[in-house]
Amino acid sequence: MHSTITLLPGDGIGPEVVGCATEVLAAIAQRFGHSFDFHEALIGGAAIDATGDPLPDATLRACRESDAILLGAVGGPKWSDPNASVRPEQGLLKLRRELGLYANLRPVTVHPQLAELAPVKSDRLVGVDLLVVRELTGGIYFGEKRREGDVAVDVCSYSVAEVERVVRLAARLAGARKGRLTQVDKANVLETSRLWRQVTTRVVETEFPELQLEHQLVDSMAMHLIAKPAAYDVIVTENLFGDILTDEAGLLAGSLGLLPSASLGDGGPGVYEPIHGSAPDIAGQDKANPIGTILSAAMLLRWSLKLDAEARAIEAAVTAVLDAGLRTPDIAGDGPSVGTRAMTTAVLAEI
Ligand code: IPM
Ligand code: MG
């Protein structure tokens, strides 16, 4: 198979981890007889420095013309003035919106050897296998924003159609897993949440009657995620709640550095990125964990290129190196660690 993949390294550790995942994709192409064309483009702070725009038109065009997009991270202290009118994060948000990537899939599993790193009792982590489906192009992130003297306003709005499409996707995924869907909102306070609850109930009852549907308020869900994470299968929620809950869920895995994500729309290329940020404090020091990005590359193969065996080959390679005890500093605890490069070399050797 021939595919075009746009690389958006971004800022901080982004270029290092995207470089590693690209090598892994190249190794997969070689082993399975595919040809992948990689094209690099600018996003985030790097794009602001070069062009003044966090998402230059040339980047958006390259993304639209490719089969899939692999992204590192955006942001850093250099561009973090909250009063600045141009910020790296705007590039990421615009990319999601322009490509119509309304569903963000964030799977969380716990490697048994890493369970002790999580700030949660290890016995509670047995059997954790969660998939958070976060709505990604609506809600308070994209509503009207304004200042009126001493008052600041951020509008949160959702339409029936916006809720339906992401709930349908989450429900389909739940059907292919353990058949349990948990919808998270704040329906005791927010009108948008009452809409989410109503629409989710209707979609599941009429189109996915075999699913077990549960509703949770976001505050109590934040607690349950730590207290009984193994009780959940697929969690679907709005943009802001999903952002918050997935950082929390990331703790269960032992490090945010391990976790991948996929952002999908209806057709068109998806964006694949680790859920961690740009970690400017360790950028360029061979300390970053490349696994979150490498596993994002596996999701890219599975979701955008429909290469499931190839995706599984990457996931198996990552499991094997973790089984063998290789640890980047974020997952080393008090033990010895290896660098970004050595971790990647080990994954490549497995492939
Ligand atoms: C994420 C990040 C982004 C978000 C930021 C960088 C805008 O936190 O992908 O989770 O809030 O969506
Ligand atoms: Mg976030």
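Reading guide: rules and limits
- Residues numbered from 1 in each chain as written.
- Chains lettered and ligands numbered in written order.
- Predicted model: local features only at pLDDT ≥ 70, side-chain atom pairs only at ≥ 80, totals over all residues.
- Heavy atoms only, no water.
- Domains from an automatic or database assignment.
- Contact = heavy atoms within 4.5 Å.
- Buried area = accessible area lost by both parts, 1.4 Å probe.
- Salt bridge = Lys/Arg side-chain N within 4 Å of Asp/Glu carboxyl O.
- Helix = DSSP H or I, 4+ residues; strand = E, 2+ residues; numbered from the N terminus.
- Nonpolar A, V, L, I, M, F, W, Y, C, P; charged D, E, K, R; others polar.
- Buried < 20%, exposed > 50% of the residue type's maximum accessible area, 1.4 Å probe, protein only.
- Arc of directions from axis to C-beta.
- Pairing = 2+ DSSP bridges.
- Right-handed = clockwise from strand over helix to strand, strands pointing away.
- Axes fitted to C-alpha atoms, helices over the stretch in contact; angles between N-to-C directions.
- Phe/Tyr/Trp six-rings, centres within 6.5 Å; stacked < 30°, edge-to-face > 60°.
- Core = buried A, V, L, I, M, F, W, Y, C linked by side-chain atoms within 4.5 Å.
- Near = heavy atom within 4 Å.
- Polar contact = N/O pair within 3.5 Å; in protein donor to acceptor, adjacent residues only side chain to side chain.
- Areas by Shrake-Rupley, 256 points an atom, 1.4 Å probe, with all protein chains shown as cover.

This part covers the domain arrangement of the protein. Its domain assignment divides the protein into domain 1 (1-101 + 258-351) and domain 2 (119-253). Computed over C-alpha atoms, the centres of domain 1 and domain 2 are 24 Å apart. Across the boundary between the two partners, domain 1 contributes 10 residues, which contact 9 residues of domain 2. For the pair domain 1 and domain 2, the summed buried surface comes to about 950 Å²; carbon and sulfur atoms form 71% of the total. It is Leu93, Arg96 and Arg97 in domain 1 that bury the most area against domain 2; as a group they hold 43% of the surface buried on that side. Run the count over domain 1 and domain 2 and you get 0 salt bridges. If you tally residues by element for the side of domain 1 that touches domain 2, the top one is helix 4 (residues 88-98), at 3 residues. Among the residues making up the side of domain 1 that touches domain 2, the classes are represented as 6 nonpolar, 2 polar and 2 charged.

Looking now at helix 11 (residues 340-350). Among the residues making up helix 11, those that are buried are Thr340, Met343, Thr344, Ala346 and Val347. When helix 11 is viewed along its axis, its buried side chains cluster within an angular range of 155° and face the same direction. Elements in contact with the buried residues of helix 11: helix 1 (14-32), helix 9 (291-303) and helix 10 (308-323).

Before going further, it helps to spend a moment on the pairing of strand 1 (residues 2-10). Taking burial as the measure, the 9 residues of strand 1 include 8 buried ones, the bulk of the element. As paired elements, strand 1 and strand 2 (residues 35-40) share 6 bridges and run parallel to each other. Its bridge partner lying in strand 2, Thr4 is registered against Asp37. For the segment spanning strand 1, helix 1 and strand 2, crossover handedness is right-handed. As paired elements, strand 1 and strand 3 (residues 68-73) share 5 bridges and run parallel to each other. By the bridge assignment for strand 3, Thr6 is matched with Ile69.

Read from one edge to the other, the open sheet built from 10 strands follows the order 2-1-3-12-11-4-5-10-8-9, with strand pairing classed as mixed. If you trace the sheet from one side to the other, it starts and ends with strand 2 and strand 9 (212-217), each paired once. Geometrically, the sheet is characterised by an average inter-axis angle of 25° between neighbouring strands, direction not taken into account. Here helix 9 sits on the sheet in contact with strand 1, strand 2, strand 3, strand 4 (103-109), strand 11 (262-264) and strand 12 (270-272), set at roughly 165° to strand 3.

Let's shift gears to the pairing of strand 10 (residues 234-237). Neither face of strand 10 is left uncovered, since the one carrying Val234 and Val236 and the one carrying Ile235 and Thr237 both have all their residues buried. Pairing analysis gives 4 bridges linking strand 5 (residues 129-135) to strand 10, with the strands arranged parallel. Each bridged residue has a counterpart across the sheet, and for Arg134 the counterpart in strand 10 is Thr237. Taken together, the 4 bridges between strand 8 (residues 180-185) and strand 10 define a ladder with parallel strand orientation. Bridging from a neighbouring strand, Gln183 pairs with Val236 of strand 10.

Bringing the environment of Ile294 into the picture now. Mapped onto the secondary structure, Ile294 falls in helix 9. In sequence terms Ile294 and Ala222 are 72 residues apart; their C-alpha atoms lie 28 Å from each other. Excluding residues within four positions of it along the chain, Ile294 makes contact with Ala21, Val24, Ile314, Val318, Thr344 and Val347.

Another aspect to go through is the packing of aromatic side chains. A full pass over the atoms with the stated rule returns 2 aromatic pairs. Consider the rings of Phe36 and Phe38, whose centres lie 6.4 Å apart with planes at 75°: the pair is edge-to-face. In this structure Phe36 comes out as buried when scored by relative accessible area, which is 10%. For the ring pair Tyr158 and Trp196, a centre distance of 5.3 Å and an interplane angle of 90° mean the geometry is edge-to-face. Linking Tyr158 in the loop between strand 7 (151-154) and helix 5 (160-175) with Trp196 in helix 6 (residues 191-207), this pair joins segments that are 38 residues apart in sequence. On the basis of relative accessibility, which here comes to 1%, the residue Trp196 falls in the buried class.

Now for the nonpolar core. Counting residues in each nonpolar core, the largest one holds 85 residues, and the members touching the most others are Leu105, Leu130, Val133, Leu181 and Leu301. Formed jointly, this core draws a minimum of three residues from each of two domains, domain 1 (1-101 + 258-351) and domain 2 (119-253). Setting aside anything within four residues of it in sequence, one finds Leu105 in contact with Leu131, Val132, Val133, Leu169, Leu173, Pro260, Ser261, Ala262, Leu264, Met299 and Trp303. Counting residues in each nonpolar core, the second largest holds 14 residues, with Ala41, Leu60, Val74 and Leu95 among its members.

Below, the discussion takes up the site of ligand 1. Residues in close proximity to ligand 1 include Glu89, Arg96, Arg106, Arg134, Tyr141 and Asp243, which together make up its full environment. Arg106 places a side-chain nitrogen or oxygen 3.0 Å from an oxygen atom of ligand 1. A distance of 2.8 Å is found between an oxygen atom of ligand 1 and a side-chain nitrogen or oxygen belonging to Arg134. Within the complex, 76% of the 320 Å² of free accessible area of ligand 1 lies under protein. Of the residues that constitute the shell around ligand 1, the class distribution is 1 nonpolar, no polar and 5 charged.

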